[in-house]
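Here are the chains, one letter per residue:
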Amino acid sequence: MPYRLAFLLAAMLLLAACAEDPSPRPAAPDDDAVPDSVQARVEQTIAAIDAMRSQLAATIEDEQVDAETFARVCKPVGMRAQEVNQQTDWTVQQLAVRYRNPANAPDSLAAIAHERFETDPALTDYWIEATRDGQAGMRYFRRITVEASCLACHGAEDDRPAFVQANYPEDRAYGFDAGDLRGVYAAFVPAASH
Ligand code: HEC
């Protein structure tokens, strides 16, 4: 009798264990060109760049907003993107239809991303398959939103700091309101990235 009881108990335990820990199913096929782990790192890196600018811009007080303010608020974003581009095989840019620096004008896929973010306010970011210079990979786009603190330099045309008016003759990056779409972070990640 004790043997039968022990056997019964063991069988019940085994059943319970099986119910809790089903044998591993094959992982869902991941047919993206870039592994999920790399995608997650790209997303985190760009989110950190965005948070950095937001935090820096929030430090602007009732000061004279000049080139020095730019050097500590918006400029570090471009520098951080360049740093990432040197340390990885990714290409991270910030592009805008209404650009300040013409070097930040969008390519065709980034222009489509801009359009999508403009028409769908709930869309924050997305990935698509893409090739660049014959290299297979994926592109990642994330919206850049205007905050009240950005208006010190991206607000009304006449309110732009003197250094902006002097240095950016082709400037289109003014006249925004808080909440507007400012541009897109755009990354290209080659399929070989790991
Ligand atoms: C102190 C002035 C200043 C502030 C504040 C500022 N920016 Fe800028 N921003 C600039 C300048 C100048 C450029 C051009 C940089 C260059 O030469 O590449 C620029 C460029 C950009 C670009 C690159 C695309 C383009 O138009 O060339 C983006 C995106 C951008 N700013 C977003 C923001 C956001 C979002 C905020 C607020 C969180 C902000 N900026 C706050 C001065 C500023």
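Located above this text is the structure these notes cover.
Note that this is a predicted model, so its numbers are computed, not measured.

The rules behind these values
Residues numbered from 1 in each chain as written. Predicted model: local features only at pLDDT ≥ 70, side-chain atom pairs only at ≥ 80, totals over all residues. Heavy atoms only, no water. Donors = N, O, S within 2.8 Å, 3.2 Å for Na, K, Ca; no water. Tetrahedral: all angles 85-135°; square planar, octahedral: opposite > 155°, others 65-115°. Helix = DSSP H or I, 4+ residues; strand = E, 2+ residues; numbered from the N terminus. Core = buried A, V, L, I, M, F, W, Y, C linked by side-chain atoms within 4.5 Å. Buried < 20%, exposed > 50% of the residue type's maximum accessible area, 1.4 Å probe, protein only. Contact = heavy atoms within 4.5 Å. Phe/Tyr/Trp six-rings, centres within 6.5 Å; stacked < 30°, edge-to-face > 60°. 1 Å grid on protein atoms, 1.4 Å probe; cavity = no way out; pocket = protein on both sides within 12 Å on 5 of 7 lines; lining within 4 Å. Points joined across faces, edges and corners; volume = space filled by probe spheres on them. Nonpolar A, V, L, I, M, F, W, Y, C, P; charged D, E, K, R; others polar. Near = heavy atom within 4 Å. Polar contact = N/O pair within 3.5 Å; in protein donor to acceptor, adjacent residues only side chain to side chain. Sits in = over half its atoms within 2 Å of the grid points.

### Focus on the coordination of the iron atom of the ligand
- At 2.2 to 2.3 Å from the iron atom of the ligand lie its protein donor atoms, namely Cys 74 (SG) and His 154 (NE2).
- Its six donor atoms give the iron atom of the ligand angles of 85 to 179 degrees at the centre, a pattern that matches the octahedral case. On the criterion of sequence distance, the pair formed by Cys 74 in the loop between α3 (67-73) and α4 (75-87) and His 154 in helix α6 (residues 151-154) is long-range, its members being 80 residues apart.

### Observations concerning the nonpolar core
- Judged by nonpolar contacts, the single largest core of 17 residues is most densely connected at Val 42, Ile 46 and Val 189.
- Going through the elements one at a time, α2 (36-57), α4, β3 (135-145) and β4 (181-190) are the ones with two or more residues in this core.
- At four residues, the largest contribution of residues to this core is made by α2.
- When neighbours within four sequence positions are excluded, Ile 46 is seen to be in contact with Val 92, Tyr 140, Arg 142, Tyr 185 and Ala 187.
- Within the second largest apolar cluster, ten residues are counted, among which are Leu 95, Phe 141, Leu 181 and Ala 186.

### So, the packing of aromatic side chains
- Scanning the entire structure with this criterion turns up four aromatic pairs.
- When the centroid spacing of 5.8 Å and the interplanar angle of 50 degrees are considered together, the rings of Phe 117 and Tyr 126 count as tilted.
- The exposure class of Phe 117 is buried, given its relative accessible area of 1%.
- In this structure Tyr 126 comes out as buried when scored by relative accessible area, which is 10%.
- Ring geometry for Tyr 126 against Phe 141: centres 5.7 Å apart, planes inclined by 45 degrees, an arrangement best described as tilted. One end of the pair, Tyr 126, is in strand β2 (residues 125-132); the other, Phe 141, is in strand β3, with 15 residues separating them in the sequence.

### Observations concerning the layout of surface pockets
- In this structure, the largest pocket encloses a volume near 930 Å³.
- Forming the boundary of the largest pocket are 39 residues, of which Arg 53, Phe 70, Cys 74, Gln 94 and Asn 104 lie nearest the centre.
- When residues of the lining of the largest pocket are traced back to their parent elements, those giving at least two are α2, α3, α4, β1 (91-95), β3, α6, α7 (162-167) and β4.
- The leading source of residues in the lining of the largest pocket is α4, at six residues.
- Among the residues forming the lining of the largest pocket, the class breakdown is 19 nonpolar, 13 polar and seven charged.

### Thoughts on unusual backbone geometry
- Notably, Asp 133 is not glycine yet its phi reads approximately 50 degrees, a positive angle.
- Looking at the secondary structure, you find Asp 133 in the loop between β2 and β3.
- Relative accessible area serves as the criterion here: at 81%, Asp 133 is assigned to the exposed category.

### So, the site of the ligand
- Lining the immediate surroundings of the ligand are 24 residues, of which Cys 74, Cys 150, Cys 153, His 154 and Tyr 168 lie closest.
- Interatomic distance of 3.0 Å between a side-chain N/O atom of Asn 101 and an oxygen atom of the ligand.
- A distance of 2.7 Å separates an oxygen atom of the ligand from a polar side-chain atom of Asn 104.
- Mapping the ligand onto the cavity grids shows that it belongs to the largest pocket.

### Examining the environment of Ala 130
- Of note, Ala 130 is situated in strand β2.
- When its relative accessible area of 9% is taken as the criterion, Ala 130 is described as buried.
- Residues Ala 130 and Ala 33, 97 residues apart in the sequence, show an inter-C-alpha distance of 9.1 Å.
- Aside from chain neighbours lying at most four places away, what touches Ala 130 is Leu 109, Gln 135, Ala 136, Gly 137, Met 138, Arg 139 and Phe 188.

Any link to function would need more than the numbers given here.
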